[in-house]
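Observations on chain architecture
Letter by letter, the chains look like this.
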Amino acid sequence: MMQKLLGLIGGALAGLLVAGTAASAHPHVFVTMKSEVVYAPDGSVTGIRHAWSFDDMFSSYSTQGLESKEKGVFTREELAPLAEVNVTSLKEYDFFTYAKADGKKVDLADPAGGAYWLEYKDSVLTLNFTLPLKKPVKAKDFSFEIYDPSYFVDFGLAEKEPVTLAHAPTGCTLSFKGPKDTAAPSAKLGESFFNNPANADNWGAQFANKIAVKCP
Amino acid sequence: MRGRVFVVGGLTLVGMLLVAGILDGAYAQFGAPRPPAAQVPDTGIAGWIIAKQAEFYRAMSGTIRAAKTDGSAVWTLLGLSFAYGIFHAAGPGHGKAVISSYLVANEETWRRGIALSFTSAILQAITAVVVVGIAAILLGATASTMNTGVKWIEIISYALIALLGARLLWVKGRGFVAALRSQRSTPATGTPAVAAPAHHDHAAHDHSHHGHAHHSHAHDEKPHVHGPGCEHDHDHEHASAWGHAHGPEPQELAGPGGWRRGLTAIVAVGLRPCSGAILVLVFALAQGLFWAGVAATFVMALGTAITVAIIATLAVGAKSLARKIAGGRSGYGMLAMRGVEVLASVVVLVFGVALLAGYMVSERMVGF
């Protein structure tokens, strides 16, 4: 009896804690992404070029209070300080980009000054930036995932040509899938949400966009 | 009791489904752009909740835009906001855990739980409107300035949660120790809990004499309710006399002490504005429809309050169920109930500290 009661209580409290731990499980920013894998002439991957378009609410929030010559129109120069803030904060989150070459983690460097900028078009803000590989790598199997572990930012692949290859060696094939295409993670989703606090930190991985390039 | 809990849970789900269905119709009706299907699996309760709230959120910007030319779109916006509030709060955050733990730690009623949920949600809406109103409209501040402002509010809010937890733990911890002592001195004999032996244990009394002048200070953690006459007396901490607890007196909810008792909890939870509300407000402002954003924010808070209130009610229900089970065994049962309160206090404290330390992110502010 007593044990049952204590079990009940323990369960309830654990539930409360879990509910709090998975505390960022709702997106507030929606990114529609396009990515390009950049190759050197020798066939090694040198970097990943991203173009992330933010949803209109976030775009509007980001540009709030920014000075511009023409109302509602922002030039690249006017957006430069904001782009810097974006890139600086994104460093904290490893640019939400997790790359692997032949199964091994690949280190990405921060975008160099001038290698990132913001564009404002049709009330949508797009952040362009290139993440160079710290060491260019030749790999049969180069892949990367894009997701926010805390799922504050929701990433979705653009409808048209979400991923492209720049100067890739001939014979390389590209494949990608968004979270929607991933085979039924729903059962896992529910369970990890309610039962597994350990997973909460990486909760967003379930919404990953997976991109892979296989080269001969 | 358990039956009632399930009924409430079932009704919530049905309500959510209904709202979702009505809104699906509303898109078509008002010609608002249908949001792209959210990128989440479409089964599983958690996934479904997230998908729905993302859907409502994304549809909001479209309706605000539409409202510029078509006034009727405002109704769609309000409907969306309400649904978003309900679903959004169903995800973690929004003080559900803190409020629920607070209610469990204290000998609180479900009515008070509902009152706390609504007041804190409305306060959240007010903070959001005030922040955006002052920062964006009066000062023309940029997003990063607003982020900084919200961060400070956040820190204060988390610190308050930690303080609330520490205070609860102090009071409840002493209550637990007192119950433990009385348990040791009088082994369980099967007497009803009402005749709690520790009633005269002086360790359990907290004669806070300054309570005469500022008695509201001491009321926060009072574990149970007396008639109003008692409030003028010194503040007894009848830590182990939980058999005294009974339903709320109307004057207890309305009286000055009654409201102030939960004030710390309300402020701790309600101070931090919801990121979603801030985004909607700024977006509405940019569209020249700030008032629509304000209306949406308050309707959103209403939705949030409903969800939080339901969860708070479940928490209170679970406790009274536990109390009923424990009621059969005077000594150990009481000890267990005291233990529950201590644990719930610990939860509040842990939450506050974890949030403050940045170990736990309640809801990231739009930080990049």
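Provided above is the structure to which this section pertains.
The text that follows walks through the structure, step by step, so that each part is easy to find. Please read all numbers here as calculations on a predicted model, not as lab measurements.

Each helix and strand in chain A was counted, giving four helices and eleven strands. Considering only intrachain contacts with a sequence separation of at least 6, the fraction spanning at least 24 residues in chain A is 74%. Carbon and sulfur atoms provide 53% of the accessible area of chain A, an area that totals close to 10,500 Å².

Counting its secondary structure elements, chain B contains 13 helices and zero strands. For chain B, the N- to C-terminal ordering of α and β elements is α-α-α-α-α-α-α-α-α-α-α-α-α. Across the 368 residues that make up chain B, the buried fraction comes to 56%. Within chain B, contacts between residues separated by at least 24 positions form 79% of all contacts whose residues are at least 6 apart in sequence. For chain B, the accessible area works out to roughly 14,700 Å², and carbon and sulfur atoms hold 70% of it.

Residue and element names in this part refer to chain A. Strand order in the open sheet made by the five strands is S4-S3-S7-S11-S10, with antiparallel pairing throughout. Unpaired on one side and paired on the other, strand S4 (104-106) and strand S10 (173-177) mark the two borders of the sheet. For this sheet the average axis-to-axis angle between neighbouring strands, irrespective of direction, equals 20°. Pairing of S10 with strand S11 (residues 209-214) involves five bridges; the strand directions are antiparallel. Bridge pairing links threonine 173 to lysine 214 in S11.

All names here are of chain A. According to the stated counting rule, one finds 13 aromatic pairs over all chains in the structure shown. Judged by centre distance (4.9 Å) and plane angle (90°), the ring pair of tryptophan 52 and phenylalanine 129 falls under edge-to-face. In this pair, tryptophan 52 is assigned in strand S2 (residues 45-54) and phenylalanine 129 in strand S6 (residues 124-137), connecting sequence segments 77 residues apart. Assessed through its relative accessible area of 0%, tryptophan 52 is described here as buried. According to the relative accessible area criterion, phenylalanine 129 is buried, its value standing at 1%.

Residue and element names in this part refer to chain B. Remark: helix H4 (residues 96-105) packs on helix H5 (residues 110-138), axes separated minimally by 11 Å, with the N-to-C direction vectors making an angle of 150°. Comparing the axis directions of H4 and H5 gives the class roughly antiparallel. As for how H4 packs across H5, the hand of that crossing is right-handed. Where H4 abuts H5, its residues Ile99, Tyr102 and Leu103 lie against Gly113, Leu116, Ser117 and Ser120.

Quick notes on the rules
Residues numbered from 1 in each chain as written. Chains lettered and ligands numbered in written order. Predicted model: local features only at pLDDT ≥ 70, side-chain atom pairs only at ≥ 80, totals over all residues. Heavy atoms only, no water. Helix = DSSP H or I, 4+ residues; strand = E, 2+ residues; numbered from the N terminus. Contact = heavy atoms within 4.5 Å. Areas by Shrake-Rupley, 256 points an atom, 1.4 Å probe, with all protein chains shown as cover. Buried < 20%, exposed > 50% of the residue type's maximum accessible area, 1.4 Å probe, protein only. Pairing = 2+ DSSP bridges. Axes fitted to C-alpha atoms, helices over the stretch in contact; angles between N-to-C directions. Phe/Tyr/Trp six-rings, centres within 6.5 Å; stacked < 30°, edge-to-face > 60°. Parallel < 35°, antiparallel > 145°, perpendicular 65-115°, else oblique. Left-handed = near helix turned anticlockwise from the far one by under 90°.

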